[in-house]
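Remarks on the overall topology
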Amino acid sequence: MLFLESKVQRIQEDLEVMARHTATPGQGVTRFSFSDEDRLTREYIKERMKQCGLMVYEDTAGAIVGRRSGKNDQAPVVMVGSHFDSVKNGGPFDGPAGVVAALEIARVLEENQVMTEHPIEFIALVEEEGGRFGGGLFGSRAMAGKVSMEELMTYNDKDGISMAHAMAKFGFDPDLIGSAARDPRQLRAFFELHIEQGPILEATGISVGIVEIVVGITQLEITLQGRPDHAGTTPMDMRADALVAAADLIMKIGRLAKSAGNGTVATVGKISARPGAANIVPGNVECTVDIRSKKEENINFVVRGIERELKLLMRRNPAISYSMMCKLAIAPVRLTPRIIDILTAEGNDRGISTKLMQSGAGHDAMVMAGLTEVGLIFVPSKSGRSHCPEEWTDYLQLKQGVDLLLGAVLAVAQKIT
Ligand code: GLV
Ligand code: MN
Ligand code: MN
């Protein structure tokens, strides 16, 4: 049997170009949404899409969409893509690997003049990481109609710029955010390729992971308000030290995650203490908490435990108060069995080894699963590293994932169901 195949040189070139658009050269990829680096990468992706004959537009949330007509152009669309924003000081593959996979599939279809029954949309999403504004999964949540104007007004970057303001400055009208919502009746399926970001594929020597379950994620932003005082003159028992309170809370959060069980994890990844001087008792602390589990009740257990700890903390020191904001709450997701079967069969047919997996990372695919049938595949990550400059995937291994995805996209797009 003759299979359509991707070309590894093109995949490599796209990824190398995109990796150069970083705000932190020499210190990994930092490509925040609605930034200069976003603009440069966006122009590159749009240009590449146009070169293979796609009809290119941007939705009102800033996602790039390249549409390829089907024989039956009114049929629901098959989507394939991922995100092109990055975390702070991240690597070149988290997100772009899936965008480049989509670009390459578009090129292969074009050069082989394949006409599918369903139209196909090649998608590049933004702010999946929440790197600039917190929260994340923004492009897909906008497609699901789950981004409110309130979110755009209240989620700020580190300089206090709201999402609404940043979007408007970049050229998108935040008032139109609702128009990014897609009608599920017009969607046939969503496919995403992503790097694994963990060590399992490399350790088992398996080429492609097929994701069955993506863990649920809740992200909180907690502010502790104490009182700034002189560090030399204020006795220890007369302080309202917000950082000491935060330290106590952080230790408890780790214990709560462990006692929740089922591999529940909780991370305080960002913290700031103000005013931030050696000789001032910290009066204000802001920190994030990221909680993940394949069971929603485990996440809720940790959130309730945090609330309990905060109340206890205030009782112990009434001069300290707190506020807590939930920036992201997404339930664990089971992906579509029918699509998993198609991906597995494609691996078998092509002689590409596959394995069913769980994802501990969040992905746009989990949001899209609320709209349509979804398939998510992983390719190996070197030493399991990700969200760091060392993040790496061998290009030939990535090609195997792209080939498998290409076959599965075709299998769905060729058949009117
Ligand atoms: C994205 O990488 C996430 O899992 O937060
Ligand atoms: Mn990521
Ligand atoms: Mn990602």
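This structure is a prediction, so every number in the text was calculated from the model and none was measured. Within each chain, residues carry numbers counting from 1 in the order of the written sequence. Labels are handed out in written order, letters beginning with A for the chains and numbers beginning with 1 for the ligands. The predicted nature of this model means local features are confined to residues of pLDDT at least 70 and side-chain atom pairs, given and counted, to a pLDDT of 80 or more, with totals for whole chains, interfaces and linings taken over all residues. Only heavy atoms go into the side-chain values, all of them from the structure, while hydrogens and water stay out.

1. Details of the side chain of Ser82
With respect to the element layout, Ser82 can be found in strand 3 (residues 77–83). Among the polar contacts listed, one links the side chain of Ser82 to the side chain of Glu192, at a separation of 2.7 Å. Strands here mean DSSP runs of E at least two residues long; helices mean DSSP runs of H or I at least four residues long; both are numbered from the N terminus. Polar contacts, as counted here, are pairs of nitrogen or oxygen atoms within 3.5 Å of one another; within protein the pair requires one atom able to donate a hydrogen and one able to accept it, and residues that are adjacent in sequence qualify only if both atoms are side-chain atoms.

2. Observations regarding the coordination of the manganese ion (ligand 3)
Protein-derived ligands of the manganese ion (ligand 3) are His83 (NE2), Asp94 (OD) and His194 (NE2), with the metal-ligand distances lying across 2.0 to 2.2 Å. Water is not among the atoms examined, so metal sites may look incomplete; donors are the N, O and S atoms within 2.8 Å of the metal, or within 3.2 Å for Na, K and Ca. Donor residues for the manganese ion (ligand 3), ordered by position in the chain, follow H-x10-D-x99-H. Metal-to-metal, the separation of the manganese ion (ligand 3) and the manganese ion (ligand 2) is 3.5 Å; Asp94 coordinates the two. On the criterion of sequence distance, the pair formed by Asp94 in the loop between strand 3 and helix 3 (96–111) and His194 in strand 5 (residues 187–195) is long-range, its members being 100 residues apart. Considered together, Asp94 and His194 belong to a single accessibility category, that of buried residues. Each residue's exposure class comes from its accessible area (1.4 Å probe, protein chains only) as a fraction of the maximum for that residue type: buried when under 20%, exposed when over 50%, partly exposed otherwise.

3. Quick look at helix 6 (residues 163–170)
Listed as buried for helix 6 are Met163, Ala164, Ala166, Met167 and Phe170. Along the long axis of helix 6, the arc covered by the buried residues comes to 165 degrees, so they all point the same way. Residues of helix 6 that are buried make contact with helix 2 (36–51), helix 4 (138–143) and helix 5 (149–154). Regarding the arc, it is the one traced by the directions from the helix axis to the C-beta atoms. Only heavy atoms enter the contact rule, under which two residues are in contact if any of them lie within 4.5 Å.

4. A word on the coordination of the manganese ion (ligand 2)
Here the manganese ion (ligand 2) is held by Asp94 (OD), Glu129 (OE), Glu129 (OE) and His387 (NE2), and the distances to it run 2.0 to 2.6 Å. Spacing between the donor residues of the manganese ion (ligand 2) along their common chain follows D-x34-E-x257-H. The buried category is assigned to Asp94, whose relative accessible area is 5%. For His387, a relative accessible area of 42% corresponds to the partly exposed category.

5. Structural notes on the confidence of the model for the chain
For the chain, per-residue confidence averages 98 on the pLDDT scale, and 100% of positions sit at 70 or higher. Here helix 5 stands out as the least confident element of the chain, with mean pLDDT 97; strand 2 (residues 64–68) is the most confident, with 99. pLDDT is defined as a per-residue confidence score from the predictor, taking values between 0 and 100.

6. What about the pairing of strand 6 (residues 208–214)?
Among the 7 residues that make up strand 6, 6 are buried, leaving the element largely enclosed by the rest of the structure. Criterion used throughout: strands pair if DSSP finds at least two bridges between them. Here strand 6 runs beside strand 15 (residues 354–359); their pairing, made up of 6 bridges, is parallel. Of the residues in strand 15, the one forming a bridge with Gly209 is Lys355. Bridging between strand 6 and strand 16 (residues 373–379) involves 2 bridges; their strand directions are antiparallel. Opposite Ile210, over in strand 16, you have Ile377 as the bridge partner.

7. As for the domain arrangement of the chain
It is common to report an interface's size as the accessible area lost on association of the parts. These domain limits were set by an automatic method or by a database of domain assignments. Taken domain by domain, the chain comprises domain 1 (8–215 + 332–413) and domain 2 (216–330). Relative to domain 2, the C-alpha centre of domain 1 lies at a distance of 33 Å. Contacts between the two partners involve 18 residues from domain 1 and, on the opposite side, 13 residues from domain 2. Any carboxyl oxygen of Asp or Glu within 4 Å of a side-chain nitrogen of Lys or Arg constitutes a salt bridge here. Connecting domain 1 to domain 2 are 0 salt bridges. Where domain 1 packs against domain 2, one counts 3 residue pairs in polar contact (both at pLDDT 80 or more). Counting residues per element, the ones that place at least two in the side of domain 1 that touches domain 2 are strand 6 and helix 11 (364–368). Under the scheme applied here, ten amino acids are nonpolar (Ala, Val, Leu, Ile, Met, Phe, Trp, Tyr, Cys and Pro), four are charged (Asp, Glu, Lys and Arg), and all others, including Gly, are polar. For the side of domain 1 that touches domain 2, a count of residues per class yields 10 nonpolar, 7 polar and 1 charged.

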